[in-house]
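Observations on the model geometry
The primary structure of each chain is shown beneath.
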Amino acid sequence: MSRLSGYLHRTGKLIRDNASRMLRMEGADEPSRAPKLLFTFNNHEDIQQFATGSDADVGGFSTVHFELDESTAKPQPSSQEKPSSPLDITVNRPTGKFWGEMKLNVRPGLEGRIRAGYAGFRSKPRPTLFGDLTDDVSNHEYLALRVRALGHPRTRNSYFINLQTDGPITTDLWQHRLFFRRDDGGWEDIFIPFKDFVLTNAGELVPHQIKMYRERIRTVGISLLGGNSGVEGPYELGIDHISAVNAEDVTDASALEKVPTEGTQWERPPVL
């Protein structure tokens with residue numbers, strides 16, 4: 001899809017969605033709690049909606065790739081095959097593959113001047129005739145991701161999910177660490193309460209935390225922050241989809257068993 005056709009498609013979608021809400025008189029009824037699919041990663045067009053970046057852009061040596069992995073499009077297992085665990089998740093379609101090499105060194109002359117050790121991808125802004133297209137997740141409690149952690153084991157505890165809202169400070173990001181329960185490279189669903197995200201700016205915690213403006217989520221991304229933990233090595237993350245859900249949609253209740261501050265790299269101050 002060309003840039004112009006994509007622009008017109010998003011504008012048309014916004015008009016249709018708003019007209020549909022008016023015809024259905026949304027607002028008079030209870031808000032929908034149905035799961036809301038935000039992004040899929042199952043074809044080349046899906047992958048093209050995302051941009052990548054790394055410390056190599058400013059003088060580091062980390063590498064970053066984000067592409068379609070068609071090796072995950074495997075036939076369904078036979079009915080005789082039993083899963084090794086009732087929580088095993090099978091994905092039989094192409095998925096996104098975020099991979100590269102995390103490095104902490106920088107080019108000569110830049111030592112102490114730049115911070116290396118990061119790579120990431122995030123959704124591109126979606127402009128329309130009426131401004132950027134955003135997602136309203138104010139009726140949902142959790143961000144849900146179907147992912148799998150591969151690469152070197154030491155890199156698996158340094159992934160973060162990043163949300164950008166439609167606010168005046170474009171460098172503000174809401175962030176939460178991704179914790180994986182599996183260590184065998186298998187697929188799993190991760191559920192993160194929106195209330196547990198912390199507000200950061202330029203990689204630093206914002207001292208005065210505020211409530212996330214969940215009515216207008218502008219971009220979603222994932223980053224690997226090896227510089228925070230001194231981690232180097234090959235990394236790889238598989239991703240199938242990202243959605244917004246509620247408690248009744250959580251497929252594995254044990255995924256929610258954590259203390260409130262677990263999943264962030266900071267001790268969260270009170271929300272004002």
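Residues numbered from 1 in each chain as written. Predicted model: local features only at pLDDT ≥ 70, side-chain atom pairs only at ≥ 80, totals over all residues. Heavy atoms only, no water.

The subject of this paragraph is the overall build of the protein chain. A count of helical and extended segments in the protein chain gives three helices and 15 strands. Taking all 272 residues of the protein chain together, the buried fraction comes to 44%. Partitioning the intrachain contacts of the protein chain with sequence separation of at least 6 by distance along the chain shows that 80% fall at a separation of at least 24. Accessible area for the protein chain stands at about 14,800 Å²; split by element, carbon and sulfur atoms hold 54% of it. (Helix = DSSP H or I, 4+ residues; strand = E, 2+ residues; numbered from the N terminus. Buried < 20%, exposed > 50% of the residue type's maximum accessible area, 1.4 Å probe, protein only. Contact = heavy atoms within 4.5 Å. Areas by Shrake-Rupley, 256 points an atom, 1.4 Å probe, with all protein chains shown as cover.)

With respect to the helices and strands, the residue His241 is situated in strand 15 (residues 233–245). Spatially, the C-alpha atoms of His241 and Phe39 are 5.6 Å apart, while their sequence positions differ by 202 residues. Residue contacts for His241: discarding those within four places in its chain leaves Leu37, Phe39, Thr40, Phe41, Arg93, Ala144, Leu145 and Arg146. Polar side-chain contacts of His241 include one of 2.8 Å to the side chain of Asp240. (Polar contact = N/O pair within 3.5 Å; in protein donor to acceptor, adjacent residues only side chain to side chain.)

Taken in spatial order, the seven strands make up an open sheet running 2-5-14-9-10-12-13, and their pairing is antiparallel. Strands at the two margins of the open sheet, each flanked by one partner only, are strand 2 (50–54) and strand 13 (204–205). For strand 9 (residues 159–165) and strand 10 (residues 172–177), the ladder comprises four bridges, and the chain directions are antiparallel. Note that in strand 10 the partner of Asn162 across the bridge is Gln175. (Pairing = 2+ DSSP bridges.)

Right, let's talk about the pairing of strand 11 (residues 188–193) for a bit. A regular strand carries its side chains on alternate faces of the sheet. Most of strand 11 sits inside the fold, with six of its six residues counted as buried. Every second residue of strand 11 is oriented toward a common face, with Glu188, Ile190 and Ile192 on one face and Asp189, Phe191 and Pro193 on the other, all of them buried.

So, on to the environment of Ile89. Checked against the element boundaries, Ile89 lands in the loop between strand 3 (65–69) and strand 4 (95–102). For the pair formed by Ile89 and Gly186, sequence separation is 97 residues and the distance between their alpha carbons is 7.7 Å.

Moving on, we get to the pattern of salt bridges. For the coordinates displayed, the defined rule picks out 11 salt bridges. For Arg182, the salt bridge identified is with Asp184, shortest N-O distance 2.8 Å. Assessed through its relative accessible area of 23%, Arg182 is described here as partly exposed. Take Asp184: its relative accessible area is 52%, and that puts it in the exposed class. (Salt bridge = Lys/Arg side-chain N within 4 Å of Asp/Glu carboxyl O.)

Its identity is not glycine, yet Ala202 carries a phi of approximately 55°, on the positive side. Its location among the elements puts Ala202 in the loop between strand 12 (198–201) and strand 13. You can call Ala202 exposed: its relative accessible area is 65%.

Of all 13 residues that make up strand 15, 12 are buried, and the element is covered over most of its length. Here strand 1 (residues 36–40) pairs with strand 15 via four bridges, running antiparallel. Directly across from Phe39, in strand 15, lies its bridge partner Ile242. Two elements, strand 4 and strand 15, share seven bridges in a ladder whose sense is antiparallel. Counterpart to Gly100 in the pairing with strand 15 is Tyr235.

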